[in-house]
Number of protein chains: 2
Amino acid sequence: MSSSSGRYGSQSQYAPSAPQQPPYSSYYQTSTSNAPPPSNSSSNYNYANVSSSGYSTFPPGTPQDVITSFQMVDRDRSGFIDERELQQALSSGFHHFNLRTIRLLMFLFKNPHQPLAVGPKEFAALWSCLGQWRGIFERYDKDRSGKIDPLELRDALYGIGYAVPGSVLQLLLSKYGDGSVRRVELGFDSFVECGMIIKGLTDKFKEKDTRYTGSATLSYDAFMTMVLPFLVSYD
Amino acid sequence: MSSSSGRYGSQSQYAPSAPQQPPYSSYYQTSTSNAPPPSNSSSNYNYANVSSSGYSTFPPGTPQDVITSFQMVDRDRSGFIDERELQQALSSGFHHFNLRTIRLLMFLFKNPHQPLAVGPKEFAALWSCLGQWRGIFERYDKDRSGKIDPLELRDALYGIGYAVPGSVLQLLLSKYGDGSVRRVELGFDSFVECGMIIKGLTDKFKEKDTRYTGSATLSYDAFMTMVLPFLVSYD
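From a predicted model like this one, the values you see are computed outputs, not experimental measurements. (Residues numbered from 1 in each chain as written. Chains lettered and ligands numbered in written order. Predicted model: local features only at pLDDT ≥ 70, side-chain atom pairs only at ≥ 80, totals over all residues. Heavy atoms only, no water.)

## A closer look at the overall build of chain A
Move 1: When helices and strands are tallied, chain A shows nine helices and three strands.
Move 2: Tracing chain A from N to C terminus, the helices and strands come up as α-β-β-α-α-α-α-α-α-α-β-α.
Move 3: Put simply, of all contacts in chain A between residues at least 6 apart along the chain, 64% involve residues at least 24 apart.
Move 4: Accessible area of chain A: about 10300 Å², with a carbon and sulfur share of 49%. (Helix = DSSP H or I, 4+ residues; strand = E, 2+ residues; numbered from the N terminus. Contact = heavy atoms within 4.5 Å. Areas by Shrake-Rupley, 256 points an atom, 1.4 Å probe, with all protein chains shown as cover.)

Written out as structure tokens, the structure reads:
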């Protein structure tokens with residue numbers, strides 16, 4: 001693991017926004033930044049309200065525009081919205097996400113009882129999470145180009161506590177663009193996708209690496225169960 | 001691990017084609033079936049020919065129809081074909097794969113020097129591999145419906161040496177269809193996609209579990225590097 005600290009030769013140059021970070025001691029860090037990393041899960045909502053109909057309702061304090069965005073697309077008032085409706089709802093507040101990103105978001109924020117739909121509680125959690133990712137995007141898009149380049153992505157992930165090895169980021173970014181990783185530019189939707197994949201997989205791995213040694217022992221079952229949710233969302 | 005043997009209560013009923021298999025001793029098995037499992041990699045081609053131009057050529061013995069299929073789409077005679085050309089070439093011999101599957105195939109069979117293109121050697125390996133998957137598909141599509149259902153998929157994977165836990169298959173299949181895993185029906189392209197994902201991830205895991213104990217110790221780097229290639233192929 002000691003080699004990891006030297007992997008980014010000029011780390012102080014590329015991570016200027018995180019001077020408060022401790023020196024790299026492992027590939028990923030515990031979160032020490034002031035801003036909490038965006039959550040991929042709605043499990044941090046402690047006040048889940050369930051209406052008399054059995055459907056969850058919005059958590060207390062949910063901003064009105066979030067509620068309105070949900071209700072605008074939930075035309076049949078079923079209390080759940082599908083992927084197309086979610087795409088439409090998020091377009092008004094954030095970005096026109098492609099369906100692949102929408103499916104990843106749905107998978108990460110799904111209601112356990114309605115795997116192909118999102119209810120008010122999940123929607124509020126997702127909206128809040130995307131708001132945090134947007135803040136990070138704007139903070140690290142230093143030239144205000146509306147795009148994040150590979151170094152900005154690395155800095156952004158570092159800023160929220162994920163010191164991702166260059167080789168891993170290269171592998172991820174090799175799937176974008178025309179094959180030249182250096183020239184890749186991520187719009188907000190791809191940035192969210194990359195961020196959620198890195199954060200999601202890293203958090204899953206950390207759960208198994210409780211002492212933060214940088215390695216973990218996994219059963220085959222656990223490995224597959226960790227990984228499959230992040231794979232392609234199928235048609 | 002002992003619980004794995006009982007996970008499929010009626011395994012002899014659902015895996016009638018594999019009576020020669022030893023009892024489950026781990027979640028995955030070493031390959032003991034007569035038919036070799038399809039390879040995801042061209043590395044088993046020992047006789048890579050490289051022409052004087054530096055491009056690889058077809059391995060000796062490559063069937064003429066494979067060569068013709070490649071040459072038909074390689075109109076500029078560059079010696080490499082891109083994803084659209086690969087899609088077109090495979091349509092003639094196999095199936096009209098969707099671009100997502102094509103990208104997964106390209107990623108698994110890519111030429112290390114041309115990550116977004118496939119050369120003759122990779123194409124021949126891919127064609128041969130798909131031929132093997134087609135044979136398996138036809139063998140396990142017992143009712144000749146042209147579709148593989150979840151139990152047939154499980155049997156097919158078992159038949160080539162992968163005893164995948166039901167929970168893992170459920171998670172994979174939950175991304176197909178309308179949410180009801182039991183009703184999922186996989187066409188050949190989705191079958192290939194599922195098969196390559198299971199085989200690819202399992203093989204990667206087995207490389208780290210050399211004594212076949214059913215668990216492995218992975219560094220964070222190794223974990224991410226194993227997993228990312230199977231993730232979404234991006235636009």
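## Remarks on unusual backbone geometry
Residues and elements named next belong to chain B.
Move 1: The phi torsion at R77 lies on the positive side, around 55 degrees, for a residue other than glycine.
Move 2: Its place among the elements puts R77 in the loop between α2 (64-73) and α3 (83-93).
Move 3: A positive phi angle, close to 55 degrees, is found at R144, a residue other than glycine.
Move 4: Within the secondary structure, R144 sits in the loop between α5 (120-140) and α6 (150-159).
Move 5: Residue classification places R144 among the exposed positions, given a relative accessible area of 64%. (Buried < 20%, exposed > 50% of the residue type's maximum accessible area, 1.4 Å probe, protein only.)

## Overview of the relation of the copies chain A and chain B
Move 1: Mapping chain A onto chain B is achieved by rotating through 180 degrees and translating by 0.0 Å along the same axis, at an RMSD of 0.0 Å. Viewed as a symmetry operation, the transformation between the two copies matches a two-fold axis. For chain A, the minimum C-alpha distance to the rotation axis belongs to T217 of chain A and amounts to 2.0 Å.
Move 2: Comparing interface residues between copies, 100% of those in chain A also lie at the interface in chain B; the contact surface is shared. (Least-squares fit on C-alpha atoms with pLDDT ≥ 70 in both.)

## Here's the deal with the interface of chain A and chain B
Move 1: With 46 residues of chain A in contact, the opposing surface of chain B contributes 46 residues.
Move 2: Counting the surface lost from both chain A and chain B, the interface buries some 4400 Å², and carbon and sulfur atoms represent 70% of this.
Move 3: For the pair chain A and chain B, the interface holds zero salt bridges.
Move 4: Counting every contact that joins chain A to chain B gives seven residue pairs in polar contact (both at pLDDT 80 or more). (Buried area = accessible area lost by both parts, 1.4 Å probe. Salt bridge = Lys/Arg side-chain N within 4 Å of Asp/Glu carboxyl O. Polar contact = N/O pair within 3.5 Å; in protein donor to acceptor, adjacent residues only side chain to side chain.)

## Here's the deal with the environment of R154 of chain A
Residues and elements named next belong to chain A.
Move 1: With respect to the element layout, R154 can be found in helix α6 (residues 150-159).
Move 2: Judged by its relative accessible area of 12%, R154 is buried.
Move 3: Separated by eleven residues in the primary sequence, R154 and P165 have C-alpha atoms spaced 8.9 Å apart.

## Some thoughts on the pattern of salt bridges
Move 1: Evaluated as defined, the whole model comprises six salt bridges over all chains.
Move 2: Among the salt bridges present, the one from K199 of chain A reaches D203 of chain A, with a minimum N-O distance of 2.5 Å. Here K199 of chain A pairs with D203 of chain A, and both are found in helix α8 (residues 188-208), just four residues apart, close to one helical turn.
Move 3: K199 of chain A gets classed as buried once you look at its relative accessible area, which sits at 7%.
Move 4: Judged by its relative accessible area of 22%, D203 of chain A falls in the partly exposed class.
Move 5: Note that E193 of chain B is salt-bridged to R100 of chain B, the shortest N-O span being 2.9 Å. Of this pair, E193 of chain B sits in helix α8 (residues 188-208) while R100 of chain B is found in helix α4 (residues 99-109), placing the two residues 93 residues apart along the sequence. Summarising the burial analysis for this pair, E193 of chain B and R100 of chain B share the class buried.

## Details of the UniProt feature "domain: EF-hand" (unreviewed entry) in chain A
All names here are of chain A.
Move 1: Per the UniProt annotation, the sites labelled "domain: EF-hand" (unreviewed entry) are residues 61-96 and 128-163.
Move 2: Spanning residues 61-96, this segment combines 58% helix with 0% strand, and its end C-alpha atoms are found 26 Å apart.
Move 3: This span, residues 128-163, is 64% helix and 0% strand, and a straight line between its end C-alpha atoms measures 24 Å. (UniProt positions renumbered as here; feature names shortened; annotations may be inferred.)

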